[in-house]
Each structure stands twice: as structure tokens, then as C-alpha cells.
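# Topology and contacts: notes
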Amino acid sequence: MSSAYVFPPAPVVSIPVVGQSAGFPVHRIYCVGRNYEDHAKEMGFTGREAPFFFMKAADAVRFVGDGETGSMAYPTLTKNLHHEIELVAAIGTGGKNIAAADAHKHIYGYAVGLDMTRRDLQNEMKKQGRPWEIGKAFEQSAPIGPIVPVADAGDVEKAEIALQVNGTDRQRSNVSKLIWSIAETIEHLSAAWELQPGDLIFTGTPEGVAAVVAGDTLVGTVTGLPTLTVKIG
Ligand code: MN
């Protein structure tokens, strides 16, 4: 077997880890839909439904260091680019059929992420019963800050989660309001896919999603984790 390729392979997507010289190599990006009650309501849904998932490709990651302002290009085709601030769980140990009671052993760390969404395109696909990728899985659609190992992250599951745009609050809630906890999410997710080290789970966004335009600066926070600042280009 040759070690050569017909063209150079894409580089491994790696996210810096706070306090480590080695990076976190990204495998897959899973996202949970409608996982805060007041966000489900604003999207036109009520009640506790079974968690559902969609994915972004690993190269949708747009890493932004702590204290930096990252740039994100305004994507093509949309006139309604929405922000979704999310707590991201980074999987360090894979597995399938993981029980919620065992789930935390599989988490390497946490980060602040944005599930950027071409809402107009997503809504059109929903209406037609078609896949969401064009609304969710485009380049740079997953800005993310450094990963903090679990031991240093504090109690992120009771942390305040917020997003400001140009200094004004858009989203502000608490991770404790997740409909499906991170452990329950891992249980459901690992029943459908075998989780691998390097998987990221965007755990869902609270209410207040809205549009941003070129020139806007987004500041996302989860108490205990590095702030994520992104300017839309
Ligand atoms: Mn989301």
C-alpha cells in the first residue's frame, strides 16, 4: 500500500486546549436541535420531544483564541444569517450505547461555540422536507473558542450562557435549562452513532436567536470558559 495520495490530504482540524501544547483533533461535529424550551417555542414547537441531531463537517470549525476577535465571512446565498450560542462538549473517549450515568467519563472538555445558521435556507428546506445541510453545514459555520479540560472548566452545566451583538444582549440563559442534559444527549447520540475521540457536540441554543450582518461583533460567553468573539466580515 502506498503512503502517497493523488493530492495532498486536507489538514487535521485541531482546536487548542487551554494549558496544553497539544491540540484537540476534531473528528465529527454533532449538533442538538431545539434543546432549550424557550428556543423551541420561538421556533414554533412546544413540549419535550426526543432529541434530534444534525452534523457539520469538521472543517466548519473557525477557531478563535481567547482575547482575540476572529473573523467569519458572511456566507453566500443567505439574507438571514442567525447566531446560536452554544456550550460545546468535546469527546475524549469514544463509545456506543453509553448510559447517561457513564457519559461524563467520555467528555474531555468544554468550549464556547456558535452554531451559525443560514436561517432562510434552513426554513426553506424544512418546508420542503429536505435536509438542512445548506442551512447549517457551510464553511466557517462553527466558530469555537479554546477547549478547557473538564477538571478546569467548573460547573458548566449550571453556568450562565449569553451572546451579545455590538454590546447588546441577544441571548442570555443558563445551561441548567437544557431540555436534554449533556449526559442524556450522549446516551441518545451514542445509540445512533459510535462516538469517537475528537467528536464535538454542540448542545443547543437558548432563546433569542436573530440575524447578524456584516460588521457586527458577536461576543459569546459561558461562565468559566474563554470568551468567543467573532466579527462578521
Ligand atoms: Mn444550534
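Details of the structure are given in the entry above.
A short tour of the structure in this document, coming up. (Residues numbered from 1 in each chain as written. Predicted model: local features only at pLDDT ≥ 70, side-chain atom pairs only at ≥ 80, totals over all residues. Heavy atoms only, no water.)

All right, on to the sheet that holds strand S17 (residues 217–222) then. Pairing is mixed in the open sheet, where five strands are placed in the order S6-S18-S17-S13-S14. Of all strands in the sheet, those bounded by a partner on one side alone are strand S6 (69–72) and strand S14 (168–174). Neighbouring strand axes in the sheet, compared pairwise and without regard to direction, differ in orientation by 20 degrees on average. Judged from the six bridges that link them, strand S13 (residues 160–165) and S14 form a sheet pairing that is antiparallel. Looking at S14, one finds that Ile161 is bridged to Ser173. (Pairing = 2+ DSSP bridges. Helix = DSSP H or I, 4+ residues; strand = E, 2+ residues; numbered from the N terminus. Axes fitted to C-alpha atoms, helices over the stretch in contact; angles between N-to-C directions.)

Formed by 41 residues in total, the largest nonpolar core has its most connected members in Tyr110, Met116, Ile186 and Leu225. Going through the elements one at a time, strand S3 (29–32), strand S8 (85–91), strand S9 (107–114), S13, helix H4 (182–192), S17 and strand S18 (228–232) are the ones with two or more residues in this core. Look past the residues within four positions of Leu225 in its chain and what remains in contact with it is Leu87, Tyr110, Ala111, Val112, Val148, Ala153 and Val156. By size, the runner-up hydrophobic cluster in this structure holds 20 residues, among which are Phe24, Val26, Val61 and Ile144. (Core = buried A, V, L, I, M, F, W, Y, C linked by side-chain atoms within 4.5 Å. Buried < 20%, exposed > 50% of the residue type's maximum accessible area, 1.4 Å probe, protein only. Contact = heavy atoms within 4.5 Å.)

As a further point, take the coordination of the manganese ion. Expected angles at a metal are 109.5 degrees for tetrahedral coordination by four donors and either 90 or 180 degrees for octahedral coordination by six donors. In this structure, Glu84 (OE), Glu86 (OE) and Asp115 (OD) serve as the protein donors to the manganese ion, at separations of 2.0 to 2.1 Å. Each donor residue of the manganese ion lies on the same chain, and together they follow the pattern E-x1-E-x28-D. You can call Glu86 buried: its relative accessible area is 0%. (Donors = N, O, S within 2.8 Å, 3.2 Å for Na, K, Ca; no water.)

Glancing now at the pattern of salt bridges. Taken as a whole and judged by the stated rule, the model has eleven salt bridges. With its nearest N and O atoms 3.0 Å apart, the salt bridge here joins Arg172 to Glu160. One end of the pair, Arg172, is in strand S14; the other, Glu160, is in strand S13, with twelve residues separating them in the sequence. Residue classification places Arg172 among the partly exposed positions, given a relative accessible area of 37%. (Salt bridge = Lys/Arg side-chain N within 4 Å of Asp/Glu carboxyl O.)

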